[in-house]
Amino acid sequence: MTDTDVVPAVPAGRAKTPPDRHRRAWTVTALLVVFMMVNFADKSVLGLAADPIREDLGLSASAFGLANSAFFLLFSVCGAAVGLLADRVRPKWLLLTMAVLWSLSQAPLVLGGGLAVLVTSRVLLGAAEGPAFPVAQQTTLSWFPDRRRNLPGALIVLGITLGVLVAAPVLTWVIHQHGWRTAVAVVAIAGAVWALLWVPFGGEGPYAAVRDDETPAPVPADGPDTGMGLGTGAGSVPGGRSVPGAGSDADPAAEGAAAVKSATGTGGAARGTPYRRILATRTWIGATAAYFGTYWVIAFCLVWLPSFLHDGLGYSSAASARLLMLVWGLSGVVVLGQAGVTGWLLRRGASSRRARGGVGGVLLLIAAAACLTLPAAPAGATTVVLLVAGFGCAGAMGSVAATTVAELAPADRRGGALGIMNAVVTTAGLIAPTLVGHLVDTHGTAGYREALLITGVLLLLGGTAAVTLIDPARDARLLSARHSGPLAPDHDSPLQPV
């Protein structure tokens, strides 16, 4: 095959997706769902083994909370740094590096050691896992145009739920039968197996670094795994960036429309828009604030929900495990339901403000009402319903935030915008475990009720921010207006206007 062998373009109407690319897109998506499952199995293992670890290492609730918060010490910084790097380096290799580091960082804890080894292992693991969600979302969404991103984006978030649903019964059994260090070994091996599968089957899609009207650049006939996944044939330059009018497969009318759409912001902000302007938009701020509330709930669930169910509400270990699975199961249903409703609204012509910000915000407000009511609710069925609703309805905002920011940001700023959002959001994982541990140490089981009130307030603020601030179409127009004039040159491309 020569470099000029490309898939023929469809000259009129919406471009058709070749069957091989369609299969590849969903294969990569499935692998990244498993990637997020392993990611959250790594996170959940300490929460599932909380009592054995505290007994084995002689830790107080505060010390155990601090050990879990250590996971997030470098999590946010690395999430932002690698997110920015993902705009320059192939996400395929970044994801592979992460998975390998997950396994290596947990090896010392499998072999032995006390609190110091536990903290060190979690810090290193957190640094390697920090960029996982934004880079996985960026890679998945690179296979789909904006109108089709809701389901694959939701499936990546669903990987979080599936990871916990699978991990809870499997790792609980391993912990009880073989000890908590063996459970750590199981998740480390799972990461290594995933890495071996990702090498031959993983890769970026045709929307990784393309025209901002979401029209894919030419894709080599041997698949989008060459260079940046876009080939170097006619109509593109090394690195996969399309040059308008540069190839025979480019439709001049479509290229003109692409330029106008990129300049006006209707397909996202213009290429080359500074990061600081994207981060200052109401949409980015609203999505980040809302997602912060969701991540606070995730951190609470992973570290303290098993103990809350057992010690705070008096459920047995078996009943606690069933309730934990019910919470995460509802979360998965809500994530898929949100994707379906949002996609339906977008197909009927609704704006992203309604379809994404409105739907995600309402779900957070429902979760907030449940968490704020839960501390005063009578024990029994009412408590279970409020608990499941409060923690189960909050999870969809991760998908909403990612697809919203991906819609707003141009292709050459998408990784950084997602990575920085994730860095801000995941500070919730640094704060929540330590704060809840401190409340439990100082107030006993009443500390859980105070933690639920704090969670409810954060969800209320996040839901309000989503409903009132998110509007990517408006903010893309504002960004492009400030970026008006001739389209900014792509400084990453070796071809510059004369």
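Residues numbered from 1 in each chain as written. Predicted model: local features only at pLDDT ≥ 70, side-chain atom pairs only at ≥ 80, totals over all residues. Heavy atoms only, no water.

**Points about the confidence of the model for the chain**
Here is step 1 of the chain: When the pLDDT values of the chain are averaged, the result is 80; 81% of them are 70 or greater.
Here is step 2 of the chain: The least confident element of the chain, judged by mean pLDDT, is helix H10 (residues 252-264) at 38; the most confident is helix H15 (residues 352-373) at 96.
Here is step 3 of the chain: Residue range residues 210-266 is modelled with pLDDT below 50. Its contacts to residues more than four positions away, or to other chains, number 131 contacts.
Here is step 4 of the chain: For residues 485-498, every residue scores under 50 in pLDDT, and the model assigns this stretch 16 contacts once sequence neighbours within four places are set aside. (pLDDT = per-residue confidence, 0-100. Helix = DSSP H or I, 4+ residues; strand = E, 2+ residues; numbered from the N terminus. Contact = heavy atoms within 4.5 Å.)

**Observations regarding the environment of Gly-65**
Here is step 1 of the chain: Assignment of secondary structure puts Gly-65 in helix H3 (residues 61-70).
Here is step 2 of the chain: Judged by its relative accessible area of 0%, Gly-65 falls in the buried class.
Here is step 3 of the chain: Along the sequence, Gly-65 and His-438 sit 373 residues apart, while their C-alpha atoms lie 7.9 Å from each other.
Here is step 4 of the chain: If we skip the residues at most four places from it in the chain, Gly-65 touches Trp-304, Pro-433 and Thr-434. (Buried < 20%, exposed > 50% of the residue type's maximum accessible area, 1.4 Å probe, protein only.)

**Section: the packing of helix H14 (residues 317-347) against H15**
Here is step 1 of the chain: Running from N to C, H14 and H15 point in directions that differ by 155 degrees, and their axes come no closer than 9 Å. Here H14 lies roughly antiparallel to H15, going by the angle between them. Between H14 and H15 lies a crossing of right-handed hand. Contacts from Val-334, Gln-338, Val-341, Thr-342, Leu-345 and Leu-346 in H14 reach Ser-352, Arg-354, Ala-355, Arg-356, Val-359 and Leu-363 in H15. (Axes fitted to C-alpha atoms, helices over the stretch in contact; angles between N-to-C directions. Parallel < 35°, antiparallel > 145°, perpendicular 65-115°, else oblique. Left-handed = near helix turned anticlockwise from the far one by under 90°.)

**Some thoughts on the environment of Val-38**
Here is step 1 of the chain: As for its placement among the helices and strands, Val-38 is situated in helix H1 (residues 19-48).
Here is step 2 of the chain: The exposure class assigned to Val-38 is buried, which follows from its relative accessible area of 9%.
Here is step 3 of the chain: Separated by 64 residues in the primary sequence, Val-38 and Trp-102 have C-alpha atoms spaced 9.4 Å apart.
Here is step 4 of the chain: Setting aside chain neighbours within four positions, we find Val-38 in contact with Trp-102, Val-187, Ala-190 and Gly-191.

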